[in-house]
Amino acid sequence: MGLLSLGTPLPWDQAKQYADYVRTQGIEQLIHIYNNTKGKHGDVLLWGDEVEYMVITLDDAEKKARLSLRQAEILADLAKLEEQGLLKEADVTFHPEYGRYMLESTPALPYTGNPVDLLNVQRNMAKRRQIAKEHLRKNEIPLTITSSPILGTPGQFTEPYYPPTGPASRSLFLPDELINPHARFPTLTANIRRRRGSKVAINVPIFFDKNVPKPFIDPTINFDRDLYPEDANARDGAALPDHIYMDSMGFGMGCSCLQLTFQATNINEARNLYDQLVPISPILLALTAASPAYRGYLSDQDTRWNVIAGSVDDRTEVERGLKPPPPDLKTDNSDFVIPKSRYDSIDSYLAINDPVLRGAESHYNDSKLVVNNKVLARLHEAGFDELLAKHFAHLFIRDPIVIFKELLKQDNEKDSDHFENIQSTNWQTMRFKPPPPGSSIGWRVEFRPMEVQFTDFENASFSIFIVLVTRAILSYNLNFYLPISKVDENMKVAHHRNAILEEKFWFRTNVFREGDEHSANGDAVGNGQANGSASAAAANHGNYEQLSIDEIINGSPTGFVGLIPIVRQYLQNVNVDTETLCTLEKHLSLVSKRASGELKSNATWIREFVRSHPAYKFDSVVSPEIHYDLVKAIEKLTNGEGWNTDGASILKGF
Ligand code: ADP
Ligand code: MG
Ligand code: MG
Ligand code: MG
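For clarity, every value in this text was computed on a predicted model and none was experimentally measured.

Another point: empty space enclosed by the protein. One pass over the full model with this rule turns up nine cavities of 30 Å³ or more. Of the volumes computed, that of the largest cavity is approximately 80 Å³. Forming the boundary of the largest cavity are 14 residues, of which Gly113, Pro115, Leu118, Leu468 and Arg471 lie nearest the centre. Here the residues of the lining of the largest cavity are counted per class, giving 10 nonpolar, three polar and one charged.

What follows is the structure, encoded as structure tokens:
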């Protein structure tokens, strides 16, 4: 189970004095890792998922469903199983998460590249849910929902009750007791607020159902409260009209998601995989849409990403471009203004040896990249190529937010804590994970945009689909490159209500490289050799079109071939037995039908459930009563009631 380092976290005014020290040491640690592992080759595909749960307490007498703050006790119980070797035997493990009502689970050991392993995914997820359930109270359930509609609402929404606020978050809506009490998390929360100079401010557009007043001024915000100086933020303009206002880290880091990590053969394959999954990220964010409600209201968006981005946005007003820099401000960064939060979509491609990218970097890496100049110079000196150096010099524009006093002194040849301090608080759509020092683990990439789904079947489906996409990318040497500015446009569109059916996304349509073999080579971890010259690539920047999610996923007869047809072609070319193929097809079918609209997204399903509830007043309010029924209905879906396990009818109606 995931262990968190213990120690004394420094408050922001002390931590900031060590920021440069941590960055400098962290880069030295990275250089050691790089020098030791850049030539590492022959690692096989290993991969694994992370599923995050919210533990809900049901009060059937009062018809209330609340967030249970028992994470610590539940994990302590699970740790006993771990000590007895029982979790390992079941191939599952559990980790703490930011919210005290959350759990994270992964397989104990990563899956291999053997296609038969794909059959284990749903089974393993079901086992994790089962084991979690066995360690909950009778009236508690683990739900895989992305955003909790009840989080931060007036009245009691946690079990037990705590009044909203506390010194860490100073929130008008959330108690600090909702934060995992391990020192890391309250410190993260407080230091982000302190560094930024105000509370975070997240404003999600309200869904204007027919009885929502215009303008919408949220009656649940206490504009008069003056417990903390930051309470003035809301009345000073942080809370926008016509929006659902959220003011602390818990609203974002308290969301759940589904993440996947893949090990590559070597650093170059990892860089390629990272790049190719970048344009896929907003598409899968939109396709997995599951979060239409926040703080008791239906919102006009279906996905969570900008809520989390806003919830940890520690940039100062100068860094956000709202104020000119003071004359004495010194920074190592190439610019004072930083366009994005440290939780956001990635900003640059990495695979310098790719013939499409080489010579056309400015075409694809077309967004302004703020870098830490000192870090960039050091990485150049250490022999990092331009794109890799810029990638890390960009991550290292951020300050370390939590520094443990006891961990300041480290052995840079053996430790990686200072590096990980910055790396792991850059929460982007993709993460490029270098091998941990002293381990046998290879270069990995993490795919992070997806929203978690109600059922193990759906979560397995999206996991399997992306695993197969990565295999097809490597086997066919696929080319999905799209200018970063277009990926960013897609990220915005991916939030829109019903984006799956109503929006179009930029996507490259010529994904097969000219002169390449288009057939799979049968090797599950095959790495097709790229060809074509850099100048040819620079001259031909590819065809990008605006396609619907259906066209991107299922293809269209006259346009793009479609990701599912590519994956099916791949499966035909590798040795998969009929039974395995049959199961995989059920999962692919769910992804395909989500894209075509034959099956509803979790977000649409929740929105329709709320809007068709007898107690709903068409005022976009998700009342405690509606929330209780919603939770009960999702629980039934999770238990397999109301749909066939082959996914044919899931979420058609319920
Ligand atoms: P983090 O929270 O840092 O992203 P976790 O440990 O929670 O990491 O999850 C990492 C995932 O990667 C798990 O599903 C795990 O099974 C998987 N994994 C473990 N080792 C490897 C490896 N060598 N290659 C790829 N994936 C791995
Ligand atoms: Mg994790
Ligand atoms: Mg997690
Ligand atoms: Mg992760």
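A word on the packing of helix H2 (residues 19-37) against helix H13 (residues 373-381). For the pair H2 and H13, the least separation of the axes is 11 Å and the interaxial angle reads 20°. Between H2 and H13, the crossing angle belongs to the class labelled roughly parallel. H13 is crossed by H2, and the crossing has right-handed handedness. Counted together, Asp20, Ile27, Glu28, Leu30 and Ile31 of H2 and Lys374, Val375, Arg378 and Leu379 of H13 form the full contact between these two elements. Of the residues belonging to the contact of H2 with H13, the class tally is five nonpolar, no polar and four charged.

Our next topic: the layout of surface pockets. Empty space among the atoms becomes apparent when a probe as large as a water molecule is rolled across them. Estimates place the volume of the second largest pocket at around 510 Å³. Looking at the second largest pocket, it is lined by 22 residues, and the ones nearest its centre are Arg195, Glu319, Lys330, Thr331 and Asp399.

The residue Gly237 is located in helix H7 (residues 232-238) in this model. The exposure class assigned to Gly237 is partly exposed, which follows from its relative accessible area of 39%.

For the magnesium ion (ligand 4), every protein donor is listed as Glu50 (OE), Glu50 (OE), Gln259 (OE1) and Glu446 (OE), and the spread of their distances is 2.0 to 2.6 Å. Each donor residue of the magnesium ion (ligand 4) lies on the same chain, and together they follow the pattern E-x208-Q-x186-E. Overall, the relative accessible area of 14% leaves Glu50 in the buried class.

Attention now moves to the pattern of salt bridges. Applying the stated criterion to the full structure yields 48 salt bridges. Residues Arg378 and Glu28 are paired through a salt bridge, measuring 2.7 Å at the closest nitrogen-oxygen approach. Here the residue Arg378 occupies a position in helix H13, and Glu28 occupies one in helix H2, the gap between them amounting to 350 residues. With a relative accessible area of 21%, Glu28 lands in the partly exposed category. Glu598 is the partner of Lys593 in a salt bridge, and the nearest nitrogen-oxygen pair spans 3.9 Å. Residues joined in a network through salt bridges with shared partners are Asp20, Arg23, Arg195, Asp314, Glu319, Asp332, Arg342, Lys374 and Asp399.

Glancing now at the nonpolar core. Core analysis: the biggest nonpolar cluster contains 146 residues, and Phe262 and Phe465 have the highest contact counts within it. Here this core gets 13 residues from one element, more than from any other, and that element is helix H16 (residues 456-476). Sequence-distant contacts of Phe262, that is, excluding residues within four places in its chain, are made with Leu45, Leu46, Trp47, Leu273, Leu277, Trp443, Arg444, Val445, Phe447, Ile466, Val467 and Thr470. Among the nonpolar cores identified, the runner-up in size contains 51 residues, and Val204, Val212, Leu298 and Trp605 belong to it.

Right, let's get into the state of the cysteines. All told, the structure shown has zero disulfides when counted by the stated rule. The thiol of Cys255 is unpaired, and the distance to the nearest cysteine sulfur, on Cys257, comes to 8.9 Å.

A few words on the site of ligand 1. The environment of ligand 1 is formed by 17 residues, the closest being Asp49, Glu50, Glu104, Gln263 and Glu446. A distance of 2.9 Å separates a nitrogen atom of ligand 1 from a polar atom in the side chain of Gln263. Protein contacts shield 75% of the accessible area of ligand 1, which totals 570 Å² for the unbound molecule. When contributions to the shell around ligand 1 are tallied by element, the ones reaching two or more residues are strand S1 (46-59), strand S4 (102-107), strand S10 (258-263) and strand S16 (444-447). Sort the elements by how many residues they give to the shell around ligand 1 and S1 lands first, with five residues. Residues that form the shell around ligand 1 fall into these classes: six nonpolar, five polar and six charged.

As a further point, take unusual backbone geometry. Note the cis peptide between Glu159 and Pro160, where omega equals 0°. Along the chain, Pro160 turns up in the loop between strand S7 (158-159) and helix H6 (184-196). A cis amide bond links Lys214 with the next residue in sequence, Pro215, at an omega value of -5°. Relative to the elements of secondary structure, Pro215 occurs in the loop between strand S8 (202-205) and H7. Of note, Thr165 is a non-glycine position whose phi angle comes to about 135°, a positive value. Mapped onto the elements of the fold, Thr165 is located in the loop between S7 and H6. With a relative accessible area of 15%, Thr165 lands in the buried category. One non-glycine residue, Arg170, lies in positive phi territory at about 50°. Its place among the elements puts Arg170 in the loop between S7 and H6.

The subject of this paragraph is the packing of aromatic side chains. Scanning the model with the defined rule gives 22 aromatic pairs in all. With centroids separated by 6.0 Å and ring planes inclined at 80°, the aromatic side chains of Tyr98 and Phe185 adopt a geometry described as edge-to-face. Remark: Phe185 occurs in helix H6 and Tyr98 occurs in the loop between strand S3 (92-95) and S4; sequence separation between them is 87 residues. Among the residues examined, Tyr98 registers a relative accessible area of 2% and is labelled buried. Classification of Phe185 by relative accessible area gives buried; the value is 9%. Judged by centre distance (6.0 Å) and plane angle (25°), the rings of Tyr343 and Trp427 are stacked. One end of the pair, Tyr343, is in strand S13 (residues 343-344); the other, Trp427, is in strand S14 (residues 427-428), with 84 residues separating them in the sequence.

Another point: the coordination of the magnesium ion (ligand 2). Of the protein atoms, only Glu50 (OE) and Glu104 (OE) coordinate the magnesium ion (ligand 2), at distances of 2.2 Å. Taken as a pair, the magnesium ion (ligand 2) and the magnesium ion (ligand 3) show a spacing of 4.0 Å, with Glu104 coordinating each metal. Of this pair, Glu50 sits in strand S1 while Glu104 sits in strand S4; the two residues are 54 residues apart in sequence, bridging distant segments of the chain. In this structure, Glu50 and Glu104 share a single accessibility class: buried.

Another point: helix H17 (residues 484-493). In terms of burial, H17 is largely enclosed, as seven of its 10 residues are buried. Residues of H17 that are buried: Ile484, Lys486, Val487, Asp488, Asn490, Met491 and Val493. Looking at the buried side of H17, the elements it contacts are helix H10 (281-287), helix H11 (305-311), helix H12 (361-364), helix H18 (499-502), strand S17 (504-508) and strand S18 (544-548).

What counts, and where the lines are drawn
Residues numbered from 1 in each chain as written. Chains lettered and ligands numbered in written order. Predicted model: local features only at pLDDT ≥ 70, side-chain atom pairs only at ≥ 80, totals over all residues. Heavy atoms only, no water. 1 Å grid on protein atoms, 1.4 Å probe; cavity = no way out; pocket = protein on both sides within 12 Å on 5 of 7 lines; lining within 4 Å. Points joined across faces, edges and corners; volume = space filled by probe spheres on them. Nonpolar A, V, L, I, M, F, W, Y, C, P; charged D, E, K, R; others polar. Axes fitted to C-alpha atoms, helices over the stretch in contact; angles between N-to-C directions. Helix = DSSP H or I, 4+ residues; strand = E, 2+ residues; numbered from the N terminus. Parallel < 35°, antiparallel > 145°, perpendicular 65-115°, else oblique. Left-handed = near helix turned anticlockwise from the far one by under 90°. Contact = heavy atoms within 4.5 Å. Buried < 20%, exposed > 50% of the residue type's maximum accessible area, 1.4 Å probe, protein only. Donors = N, O, S within 2.8 Å, 3.2 Å for Na, K, Ca; no water. Salt bridge = Lys/Arg side-chain N within 4 Å of Asp/Glu carboxyl O. Core = buried A, V, L, I, M, F, W, Y, C linked by side-chain atoms within 4.5 Å. Disulfide = S-S within 2.5 Å. Near = heavy atom within 4 Å. Polar contact = N/O pair within 3.5 Å; in protein donor to acceptor, adjacent residues only side chain to side chain. Areas by Shrake-Rupley, 256 points an atom, 1.4 Å probe, with all protein chains shown as cover. Phe/Tyr/Trp six-rings, centres within 6.5 Å; stacked < 30°, edge-to-face > 60°.

The values reported here are purely geometric and, on their own, carry no functional implication.
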